[in-house]
Structure formats: structure tokens, C-alpha cells
Amino acid sequence: MIPRSFIEQLTAQCDIEDIVRSYVPLKRAGRTAKALCPFHSEKTPSFVVYPENQSFYCFGCGKGGDVIRFVMEAEHLDYPEAIRFLAARAGMAVPEEEEDGTAARKMRIYEINREAARFFHKCLKSQAGQAGYRYLRGRGLSDQTITAFGLGFAPDSWDSLRDFLQKKGFKREEMLDAAVLARGRGGHCYDKFRNRVMFPIIDLRGNVIGFGGRVMDDSRPKYLNTDDTPVFKKSRNLFSLNFAKGEADGRLILAEGYMDVIAIYAAGFHNVVATLGTALTEEQARLMSKYAKEVVIAYDSDGPGQAATHRAINILSDAGLSARVLHMEGAKDPDEYIKKFGAKRFEILLGNAGDATTHELESAKKALDLKTPEGRIEYLKRAVNILADIRNPLSREVYAASVARDAGVSVESVNAQAAAVMKKKRRQEEAREWRDIETNREMARDRINPEKAQNIRAAMAEEGILAYMLRHPDECGRMLDAVSDTDFITTYDRKVLSAMRTLHGEQADITLTTLSTLLSPDEASGVARILARSSETPVTAEMAEDCIRTLAQERQRPDKKAVSAAAPEDIERYRQILKQKK
């Protein structure tokens, strides 16, 4: 709905290398730039930015596209929202456009959530919400803190919110879409949240995107969160990040629940966030990495809390974040600690938070008697596995010395054991990668072009033609005359060719950005993949002509029998890609 001319002007103003660098550190590698992918966890960079054609592609997860697609993935926005985001960054005004169905749907959900939050907050201050208000005050929250977080109460009623929103002009289907209503077996709609203290979840732009509710009786579940909606995904958001982002100063505190966050915030530490009823996810860790370099984990000191801490340490590390762990003596969680010992003592505790490796090594000692040979042997087994995950050799050396002292052995023997474990893990990782290549999984599971696996020769020729046209726009007219859409065997490549023909007929430039206006995000990723592979092996005019002849031969095969997906030349190509990656 936004004019294509404006989109082209916008992408010309937004250099992809500059945009990507604001999210992840980029390292120049010739004409390209590489980084650890911001969209999936990896230890070796497979995310590549191509400044020459303003595109990116990750050889690990398969995501690719132009600068708009990158912002869509990084900020979890749809296409028009990503354009508005970039336009605001570039200081450009988006032309007035008709609102599409998706944008209108999201806007209605935002409006419903805002009105629901107001309803819950007003109810908390009324007679119907006294149970919730007494609970919050009993937990030590002031009226100022209650107002700051917009806390509320859902009355013990099946239809009070539904009736309130209906009077505001919202339809039941819209309320179901926002997940503030639930549908019963008989089709009857009722309020999803009842007799619960309500915690509004607010995004970075100030929109209420969902709710968490704590029940006031023994009902289950104790905490209930909004189901995923078009504006809310539990795995992609963090409670109180709207406050914490401006206070992070390089460090965030990661708490376990809503009340812990609010207690820490009320004590004067505003750089605190929590997950939303789920264990920490890779997406949430990458989100935190935008605002901090270090995360202090302030989970409960009980068994489940410590297990969650161990898991979080690994996820934060994969996202490039340094993790420290809060050790609370005399309290099970931050809320209780602050109530018992005060904000000043909590500040000292934060300053003394131990690094993640020390925490892991201390945990490895638990329930072991290091005075016995059996205890020391078991500790060494656990410790060398921890040391093997430390990438920095100097850091590993320091911790190895500590392990050696505790176990009563030489540093050399600890380092030798750690090196053996590292070598074993490296072999396992390499074996997995080679297995993926040798069994041809990447091709067989090509979601974008599933027909490629059974039409390798034709698909490679089609990609060669498309790559040549993308890199030589002045040749597009001649190439489009030389091949018709029906000459292409695979449906996906045929669709891309058709989109190119449409753009050429409209006298528009044929680029990744203009093609993205006619393709889905996944289909645009496929075009980015073609561009990325053609950067490694540029397609010449002679090669393009050969691709046209290859397609003609494929069409003339009488049996059209599927060729092997494990074509030797393609296996060798993947071998070379993996070799370069290593």
C-alpha cells in the first residue's frame, strides 16, 4: 500500500551495513561483512552482509533479504511497520496510504488492550478490587509504584470486561483476537482473566501488548498470561523492558517474575526485566543484547531457580552477553531479600555478583566430598566440561588453576583433560555439520523451493539466470525475451521470474527491494540466498546462456525422471562453503 518509489528512496537512504552494525558487531571480510547471526544461536559467523547489493543472508538459518527485511526480523515488525520504523530513523515521512488489513487488525488489538488496562486499573481502586489492592499493598508496593506499572485487578466475573469493551464499540471477534476473551465449548465467550491481580505488558513503543494475571485463590494456574496474538509473543518480549532500556547502562538484571521485577524497581534499580511465564529464550537473550553487555541473573535460590540459572547462562553466552549470578543468603528471591535487608544491601549484593563460570564451578562441588578421591574425581569430570566451554584461553587458564587447587591436582592435567573434552565436542559438531551435507538435508528440506531436491540441474540453471538478471539489470530485457515463465520447472523460481517480468513491464528497477514488494518474506529470503551464492561464484553472460540451454535440455527429457538430490557437484559446493565458514 506504500508507494514503491518511496520504498526505493527509503532503502537508498538506509545503508544496510550501518543498520546491521547498530544491532550486532560486524567484521569486514573483503567486499562483505560478517557477524554472528542475530536471529539464531551460533558460535562461528555465518551471517553475511553484502554492501554492493544492500542485502544480507545467513547460511545458518536461511534468513535473508534487504534492510527492510532485516528490521522486520530484528524488531519483530510486519512490512509496513518496518518501513515506518526505518522512515522515522531516517527522518522521512511515509506517504499517506490506505491501511491494510493486518495493520488495522493490530491497531484494534492495541486499542482493546489499552482500554482493558484502564478497566483493570480502575477496578483495582474500586470496591470490587479490594482483594487485589490489599494483596499488592501487603507485598509492600506503594500507590506510586502501582500507578507506575499500571497494575490492576480483574473482578471475579465472567463478563464484566466483555460488557465494558462492547460498550466501547469492540466486537466479540476482536476481543477473541486480542485474547482478552476465551470461547467455551458451547461457543459462549467469557472473560479470560477473573479474580486476578493484573500486570500490563508494555512494548518499547508504549503499547499494551498483553497481560499477566496472578490469581487470588488456590485456582490454577497461579499465573496466567495472554496467549500469543498478532501483537504479542511471549518468547519475544520481556516484562518492564520499556523502563529498563533507558536505565541499562550496559547492564540488565534478569529476575524470575513480575513481583521480583517490581520489588527491585521500587528499591531504585530500574534496569530490571523478567521473562513472561516461560524459561529464557534465545530471542529474549538477543533482545537484551541490544541494551546491555552484561546480565545479572537474580533467579530464586531454590532448586528450580538454580536449574533455570544454569540454562540461562548458556543462552546468554550464545547471545554474546556476559552473565553474572546473584547469590542470596537468607532469602529465596529478590523481593524477600529487599524486604529483609533493604535496598542498600541489595546494591552491595549486585556489586558482588559472581561471574557465571565461578557459579557453575561452585554448583559442580555441591553434594561432593572433595576430601575423598571419589569426590575429587567426580568434581574434575564436571569441572572440565565447564572449562571446555570457555572460549578465551587466558580465562580458561585462570579457572583451570582454581579447579586444580580444589581438586589437588596439577594445572597441566586439568588443561589436558579440558583440551580432550574440547576436541571431542569439536569433532561432534563437525560430524553433525558434515552429516547435514552428506545426507543433503539442506536441499531436501528447502522450504522455499521444495521442488529443487528433485530437479537439481534445472533449479541450478534457473538460479543462474535469476542471479545474472539481478546483477546485470541492463540485461534483464534480453534475458526475459530469451526465457518464458513456463520454461522454468520449479514453482518458486518461476514465481520470482514472473515478479521480475512484472517489474520490467512497469519500467521499475529489478532489485531485491522491489522484488520484496511482490514476494513473501520467506520468498525474498530465497532471492537473497541466490544473490549470496552468486557473490561467491559470479554468473557471466556465457554462463547465463549455458543455463538457458540447460533448461531447454531438461524440458526435453522424455521421462522427466527426478535426478538425484545428492548431485556430486552440489555436494562439493557445500563442502567448499563449510570449509570457508570454518
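What counts and what doesn't
Residues numbered from 1 in each chain as written. Predicted model: local features only at pLDDT ≥ 70, side-chain atom pairs only at ≥ 80, totals over all residues. Heavy atoms only, no water. Helix = DSSP H or I, 4+ residues; strand = E, 2+ residues; numbered from the N terminus. Buried < 20%, exposed > 50% of the residue type's maximum accessible area, 1.4 Å probe, protein only. Areas by Shrake-Rupley, 256 points an atom, 1.4 Å probe, with all protein chains shown as cover. Pairing = 2+ DSSP bridges. Contact = heavy atoms within 4.5 Å. Axes fitted to C-alpha atoms, helices over the stretch in contact; angles between N-to-C directions. pLDDT = per-residue confidence, 0-100. Parallel < 35°, antiparallel > 145°, perpendicular 65-115°, else oblique. Left-handed = near helix turned anticlockwise from the far one by under 90°. Polar contact = N/O pair within 3.5 Å; in protein donor to acceptor, adjacent residues only side chain to side chain.

> I tried to follow the overall build of the protein on my own but got confused; where do I start?
Of the regular secondary structure elements, the protein holds 27 helices and 16 strands. Summarising its shape, the C-alpha atoms of the protein cover approximately 80 × 75 × 50 Å along the three principal directions. When each of the 582 residues of the protein is scored for burial, the buried share is 47%. When the accessible surface of the protein is summed, it comes to about 27800 Å², and 50% of that surface belongs to carbon and sulfur atoms.

> Help me understand the sheet that holds strand β14 (residues 292-298), please; the structure alone is not making it clear to me.
In any sheet, the strands associate via hydrogen bonds between backbone groups, in a parallel or an antiparallel arrangement. With mixed pairing, the 5 strands of this open sheet are ordered in space as β13-β12-β14-β15-β16. In this open sheet, the two strands that pair with only one neighbour each are β13 (272-274) and β16 (354-355). Bridging between strand β12 (residues 250-255) and β14 involves 6 bridges; their strand directions are parallel. Counted as the bridge partner of glycine 250 is alanine 292 from β14. Where helix α13 (residues 303-318) meets the sheet, its contacts fall on β14 and β15 (322-325), and the angle it forms with β14 comes to roughly 175 degrees.

> Explain the sheet that holds strand β6 (residues 152-154) to me, please; I cannot follow it from the model alone.
Taken together, 4 strands build an open sheet; the order of strands is β6-β9-β10-β11 and the sheet is antiparallel. Pairing within the sheet leaves two strands with one partner each, and these edge strands are β6 and β11 (223-225). Averaged over all adjacent pairs, the angle separating strand axes in this sheet is 35 degrees, with direction ignored. The pairing of strand β9 (residues 196-202) with strand β10 (residues 208-215) spans 7 bridges and is classified as antiparallel. Within the sheet, the bridge partner assigned to methionine 198 lies in β10 and is glycine 213. Where helix α5 (residues 101-124) meets the sheet, its contacts fall on β6, β9 and β10, and the angle it forms with β10 comes to roughly 35 degrees. Running over the sheet, helix α11 (residues 258-266) touches β9, β10 and β11 and is turned about 70 degrees from β9.

> Which parts of the structure should I look at to understand the confidence of the model for the protein?
Low pLDDT means the predicted coordinates in that region are not meant to be read closely. Residues with a pLDDT of 70 or more make up 92% of the protein, whose mean pLDDT is 88. Across residues 440-444, confidence stays below pLDDT 50; counting only partners more than four residues off in sequence or on other chains, it has 14 contacts. pLDDT under 50 marks residues 561-568. Its contacts with residues more than four places away, or in other chains, come to 15 contacts.

> I would appreciate a short explanation of the packing of helix α16 (residues 356-365) against helix α18 (residues 393-407) in the present structure.
Running from amino to carboxyl end, α16 crosses α18 at an angle of 20 degrees, the nearest separation of the two axes being 11 Å. With respect to each other, α16 and α18 are oriented roughly parallel. Crossing hand, α16 versus α18: right-handed. Across the interface between the two elements, Thr357, Thr358, Leu361 and Lys365 of α16 pack against Tyr399, Val403 and Asp406 of α18.

> I would appreciate a short explanation of the side chain of serine 157 in the present structure.
Following the sequence through the fold, serine 157 ends up in the loop between β6 and α8 (160-167). Overall, serine 157 belongs to the buried group, its relative accessible area being 18%. Within polar-contact distance, the side chain of serine 157 engages the backbone nitrogen of aspartate 159 at 3.3 Å. Ignoring any residue separated from it by four or fewer positions in sequence, one finds serine 157 in contact with Asp191 and Arg194.

> Just checking my understanding: could you explain the pairing of β14 for this structure?
The side chains of a regular strand alternate between both faces of the sheet. In terms of burial, β14 is largely enclosed, as 5 of its 7 residues are buried. Here 4 bridges tie β14 to β15, and the two strands are oriented parallel to one another. From the neighbouring strand, glutamate 294 faces β15, where its bridge partner is serine 322.

> When you look at unusual backbone geometry in this model, what are you seeing that I'm missing?
Peptide bonds are trans in most cases, and residues, glycine excluded, mostly fall at negative phi. Here the amide bond leading from arginine 220 into proline 221 is cis, since omega sits at 0 degrees, within 30 degrees of zero. The topology assignment puts proline 221 in the loop between β10 and β11. The phi dihedral of glutamine 507 falls on the positive side, at around 60 degrees, and the residue is not glycine. Turning to its location among the elements, glutamine 507 is positioned in the loop between α23 (491-505) and α24 (512-516).

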